[in-house]
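So you can see what is in the structure, the chains are spelled out below.
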Amino acid sequence: MNELHNEERLIEACRRGDRESFRQLFELHKDRVWTIALHFIGDETAARDITQQVFLKLFTAIQQFRGEAGFSTWLYRMTANACLDEQRRRRRFLSFEFFKSDDGELNSMDKQQAQQFKQELVHEDQHAQLELSAAVKSAVKELKPKLRIAILLKYFEGLSYEEIANVLGCSAGTVASRLNRGHKELAKRLQHLRNDI
Amino acid sequence: MFGNHVHKQLSAYLHGELSSEDASRVADHLRDCQRCRTEFEEIEFGAQMASQLQREQAPDDLWADLELAISSHRRGAKNAEMAQRSSGFSWWNWKTGLVGATVVVIAALTFVYLNRQPEPGEPDNRPSWEVTRLDGRPVIGKQRIAEKGKLPLGEWLTTDETSRAQISVGQIGEVKLEPNSRIQLVETLEDNHRLAMARGKMEAFIWAPPRKFFVETPSALAVDLGCSYTLEVAEDGTSLLHVTMGWVAFEWQGRESFVPAEAKCVTRPKLGPGTPYFKDASAEFQSALTAFDTGSIDSLDVILTLARKRDALTLWHLLTRTDGETRGKVFDRLAQLIPPPKKVTRAGVLSNDRTMFDLWWKELGLGDTEWWRMWKGDLPTQSR
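Residues numbered from 1 in each chain as written. Chains lettered and ligands numbered in written order. Predicted model: local features only at pLDDT ≥ 70, side-chain atom pairs only at ≥ 80, totals over all residues.

Visitor: What exactly am I supposed to notice about the packing of helix H9 (residues 145–157) of chain A against helix H11 (residues 172–189) of chain A here?
Guide: Packed helices, taken two at a time, are described by their axes: the angle between them and the distance between them. All names here are of chain A. Running from amino to carboxyl end, H9 crosses H11 at an angle of 95 degrees, the nearest separation of the two axes being 9 Å. Accordingly, the angle class assigned to the pair H9 and H11 is roughly perpendicular. On H11, the residues that touch Lys146, Leu147, Ala150, Ile151 and Lys154 of H9 are Val175, Arg178, Leu179, Arg181, Gly182 and Glu185. Of the residues in the contact of H9 with H11, the class split is five nonpolar, one polar and five charged. (Axes fitted to C-alpha atoms, helices over the stretch in contact; angles between N-to-C directions. Helix = DSSP H or I, 4+ residues; strand = E, 2+ residues; numbered from the N terminus. Parallel < 35°, antiparallel > 145°, perpendicular 65-115°, else oblique. Contact = placed C-beta atoms within 7 Å. Nonpolar A, V, L, I, M, F, W, Y, C, P; charged D, E, K, R; others polar.)

Here is the structure:
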């Protein structure tokens, strides 16, 4: 309760243009924005850009924040949007997304090429793949963006389906369906680790 | 029973998101349906895997990057506001206004289009400076460079622990970026070559006339006055300037320091430029100066006692950072080391007479005030 009250005071001070309060607000939330961005996009340089973008937007738009949706929801929404925008911007790069059909499966004509590409990456990152958390991280990175963001909001932030729905602008039913698909995809990709835990 | 499989609700069931009625329906179904039970185990395993994800700690220097971005944003907003104020719309009739507004919108859109970050694969039309790799694989934006690269306006150049790079500052100089550094190209105008440094170390060699090259740090602006220098920016935004040739000025919210060759100056977040000192000053003198710059007025006595004739540079700056009798003490010690010219009086200096500051400066043997202050009209005014 006190924490919430403190955050409200910080937001109010930020609205008045108090730089120190903005810094405190940044310190309070930087790890959660950074974690989502890093796990969503997968590289530190882009995660840095996304985090900076989110807080710069927060800084410039905090005057308009009226508190109807809750500050955290607002922050998560900006983070999710920045991540999804970056993903869209990257679509022109050759990536796994390129090989996927709408249902997330690989097209048969490209399967072999994609497999080879994947194996090369796996080989490069073989050492890290030995670590369970690195393997999970990598599997999450390969999820379709909409499934990935739902998984990150659920497991890093512990949001309820209703809260995730508010952040992503969809229904709780859609969130349930995305998490279902996300879990199944992860299970499929990490099948080889079943005996390790 | 099997006509109503529950596979769509399994994650919600696992996370306790179903109503008690729905949850018990799913539980009953799972007891009897092997297919849904297998799927539930699959989802449970996926969820167990996802719960292995761990929160990461954001890098310490993120705030420094953000402060620079905020400053750039504010500068942009201020310029836009000034442009709007000076446009004098009131005397225009609506037709002229409409045509003018259209021209402004087209110009603005063109500017934004030319200066935006291009999509991957699209040619980059932003003004840029050439970057040469010196060691390792420096990164521009998100791309590693091979031997040469272009640093476009608004973009960052980053080096890791093994890489170094050299930037050609238009036609006026060079900047070497050392390992673990991050720098952004902020402006490329003829009279305003500007970088913003978030962290790391750079070495600049500028052969242009004074006031053509600027480096923004999280705690001050370094203004080149024709020189060679190194600038180090720590994770917390504290910066150390070391001038090896010529002059550099540090500026922040009206507080300024003028740093000649062989001198150093520290600038700190929220405090701005500290007092410059020659690098051969004793360690005790330097730590007393650090204490003074960070708020300990008591350390002034140590500074005044240990000051050599050469440290008149430091004492002259201290005149501008003190007032009242504290300034009087600095006056007395500086007068012992470098006697003031006839026209400079204690009363005049205590009452902030800028002409007297200038006259005394000329006696320090550090060049004429006309030369080094030609780019700026005001004396440092901030006092403690």
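There's more to say after this.
Visitor: It is not clear to me how the environment of Ile338(B) should be interpreted in this structure. Could you clarify?
Guide: Residues and elements named next belong to chain B. Relative to the assigned elements, Ile338 resides in the loop between helix H9 (324–337) and helix H10 (346–350). In sequence terms Ile338 and Trp361 are 23 residues apart; their C-alpha atoms lie 9.8 Å from each other. The residues contacting Ile338, other than those within four sequence positions of it, are Lys309, Ala312, Glu363 and Leu364.

Visitor: Help me understand the confidence of the model for chain B in this model?
Guide: Low pLDDT means the predicted atomic positions in that stretch should not be read closely. Residues and elements named next belong to chain B. Averaged over every residue, the pLDDT of chain B is 82; residues scoring 70 or more account for 80%. When mean pLDDT is taken per element in chain B, strand S16 (residues 277–278) scores highest with 96 and helix H5 (residues 94–115) scores lowest with 53. Of the regions scoring below 50 in pLDDT, residues 375–384 engages in 19 contacts with residues more than four places distant in sequence or in other chains. The ipTM for the predicted assembly is 0.75, set against a pTM of 0.51. (pLDDT = per-residue confidence, 0-100.)

Visitor: Whenever I open this one, the interface of chain A and chain B confuses me. Can you help?
Guide: Accessible area lost upon the coming together of the parts serves often as the stated size of an interface. Listed per partner, the contact involves 41 residues of chain A and 34 residues of chain B. Looking at the side of chain A that touches chain B, the elements with two or more residues in it are helix H2 (19–41), helix H3 (44–61), helix H8 (132–141), H9 and H11 of chain A. In terms of residue class, the side of chain A that touches chain B is built from 21 nonpolar, eleven polar and nine charged.

Visitor: Please explain the nonpolar core as it appears in this structure.
Guide: Most often, soluble globular proteins keep nonpolar side chains buried together rather than apart. Counting residues in each nonpolar core, the largest one holds 131 residues, and the members touching the most others are Ala37(A) and Val248(B). Ignoring sequence-local partners within four residues, the contact set of Ala37(A) consists of Ala47(A), Ile50(A), Thr51(A), Thr79(A) and Cys83(A). (Core = buried A, V, L, I, M, F, W, Y, C linked by C-beta atoms within 7 Å. Buried ≥ 20, exposed ≤ 12 C-beta atoms within 10 Å, placed from the backbone.)

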